Amino acid sequence: MNALDLLLQRRSIPRLAEPAPSGQMLENILQAGLRAPDHGALTPWQFVVCEGEGLTRLSQILVEAAKADGADDTAIEKAKQAPFRAPMVIAVIARTRFHEKVPTIEQHISAGCATQAMQMAAVAQGFQGFWRTGTFAYHPVVRQALDVDGDDAIVGFLYLGTPDCAPANAPTRDTSKYVKYL
């Protein structure tokens, strides 16, 4: 796939099925994440790949978080099912550390760039995905379960798999609404 076409036609696909990326294709996705812009060469990321039993464990963590909030049965069931919207979920964590020239926000942005790079690598290989954050990314139960402390942050959950629906047409956007020249 042409790199420019990949970027200009990117769409999130909300319904994903088997198969998920595996083998060299998954390695390519992870390696793309490791090539994200990284001021100071701090490699401020960790990728937690959940598939199979890992999705079940992630589901249990989200249920624990929902119950900790006193959620009703409907919300608990929604939390339980959330990881199973795709055959693979990669939790992307910004693992920050002090650096006099690289503030925490840059490290979080770098982890976000890693997430985008992984999604694009998946699409380039014929898979699809969507990036979700949501309240669970900030929930203390989820943070603790994924060993996220201090200024570290879950920047998102990248759902990956094979498209199970056609993508919506990409809207054409007028750059004049979003761009200013000095």
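The rules behind the values
- Residues numbered from 1 in each chain as written.
- Predicted model: local features only at pLDDT ≥ 70, side-chain atom pairs only at ≥ 80, totals over all residues.
- Heavy atoms only, no water.
- Helix = DSSP H or I, 4+ residues; strand = E, 2+ residues; numbered from the N terminus.
- Rg over C-alpha atoms; globule rule 2.2 N^0.38 Å.
- Axes fitted to C-alpha atoms, helices over the stretch in contact; angles between N-to-C directions.
- Parallel < 35°, antiparallel > 145°, perpendicular 65-115°, else oblique.
- Left-handed = near helix turned anticlockwise from the far one by under 90°.
- Contact = heavy atoms within 4.5 Å.
- Nonpolar A, V, L, I, M, F, W, Y, C, P; charged D, E, K, R; others polar.
- Buried < 20%, exposed > 50% of the residue type's maximum accessible area, 1.4 Å probe, protein only.
- Pairing = 2+ DSSP bridges.
- Salt bridge = Lys/Arg side-chain N within 4 Å of Asp/Glu carboxyl O.
- Arc of directions from axis to C-beta.

1. Comments concerning the overall build of the chain
Part 1: Tallying secondary structure elements over the chain gives six helices and five strands in all.
Part 2: Along the chain direction, N to C, the helices and strands of the chain fall in the order α-β-α-β-α-α-β-α-β-α-β.
Part 3: Taking 2.2 N^0.38 as the reference for a compact globule, 182 residues should give roughly 16 Å; the C-alpha atoms of the chain span a radius of gyration of 17 Å, in line with that estimate.
Part 4: If one aligns the C-alpha atoms of the chain with their principal axes, the spans along those axes are about 50 × 45 × 40 Å.

2. Side note on the packing of helix α2 (residues 23-33) against helix α5 (residues 104-124)
A packed helix pair is summarised by two numbers, namely the angle formed by the two axes and the spacing between the axes.
Part 1: Relative orientation of the contacting elements α2 and α5 amounts to 150°, with a least axis distance of 7 Å. In terms of axis orientation, α2 runs roughly antiparallel to α5. The two elements α2 and α5 meet at a crossing, and its hand is right-handed. Taken together, the residues of α5 that come into contact with α2 (itself represented by Asn28, Ile29, Leu30, Ala32 and Gly33) are Ala114, Ala117, Met118, Ala121 and Ala122.
Part 2: Residue composition of the contact of α2 with α5, by class: eight nonpolar, two polar and no charged.

3. Regarding the pairing of strand β3 (residues 88-94)
Part 1: Most of β3 is tucked away: seven of the seven residues are buried.
Part 2: The side-chain alternation of β3 yields two buried faces, one formed by Met88, Ile90, Val92 and Ala94 and the other by Val89, Ala91 and Ile93.
Part 3: Here six bridges tie strand β2 (residues 45-50) to β3, and the two strands are oriented antiparallel to one another. Counted as the bridge partner of Cys50 is Val89 from β3.
Part 4: For β3 and strand β5 (residues 153-163), the ladder comprises seven bridges, and the chain directions are antiparallel. From the neighbouring strand, Ile93 faces β5, where its bridge partner is Ile154.

4. Some words on the environment of Pro14
Part 1: Relative to the elements of secondary structure, Pro14 occurs in the loop between α1 (3-8) and β1 (16-17).
Part 2: Counting along the chain gives 69 residues from Pro14 to Pro83, while the straight-line C-alpha distance between them is 12 Å.
Part 3: Contacts of Pro14, omitting those with residues within four sequence positions, involve Arg85, Phe130 and Cys165.

5. Some thoughts on the side chain of Ser110
Part 1: The residue Ser110 is located in helix α5 in this model.
Part 2: Residue contacts for Ser110: discarding those within four places in its chain leaves Ala36, Pro37, Asp38, Pro44 and Trp45.

6. Considerations on the pattern of salt bridges
Part 1: The final tally for this structure, using the stated rule, is two salt bridges.
Part 2: Between Arg57 and Glu64 there is a salt bridge, with the nearest N and O atoms lying 3.5 Å from each other.
Part 3: Relative accessible area serves as the criterion here: at 39%, Arg57 is assigned to the partly exposed category.
Part 4: The salt bridge partner of Arg95 is Asp152, with a shortest N-O separation of 3.3 Å. Of this pair, Arg95 sits in the loop between β3 and α5 while Asp152 sits in the loop between α6 (140-145) and β5, placing them 57 residues apart in sequence. Each of the two residues, Arg95 as well as Asp152, counts as buried.

7. What to know about unusual backbone geometry
Part 1: With an omega dihedral of 0°, the bond running from Glu18 to Pro19 counts as a cis peptide bond.
Part 2: With respect to the helices and strands, the residue Pro19 is situated in the loop between β1 and α2.
Part 3: Here Asp147, not a glycine, exhibits a phi torsion of approximately 60°, which is positive.
Part 4: Its place among the elements puts Asp147 in the loop between α6 and β5.

8. A look at α2
Think of an α-helix as 3.6 residues a turn; residues three or four steps apart then line up on the same face.
Part 1: Taken as a whole, α2 has its buried residues at Leu26, Ile29, Leu30 and Gly33. All buried residues of α2 project into a common sector of 95° when viewed along the axis, lining one side.

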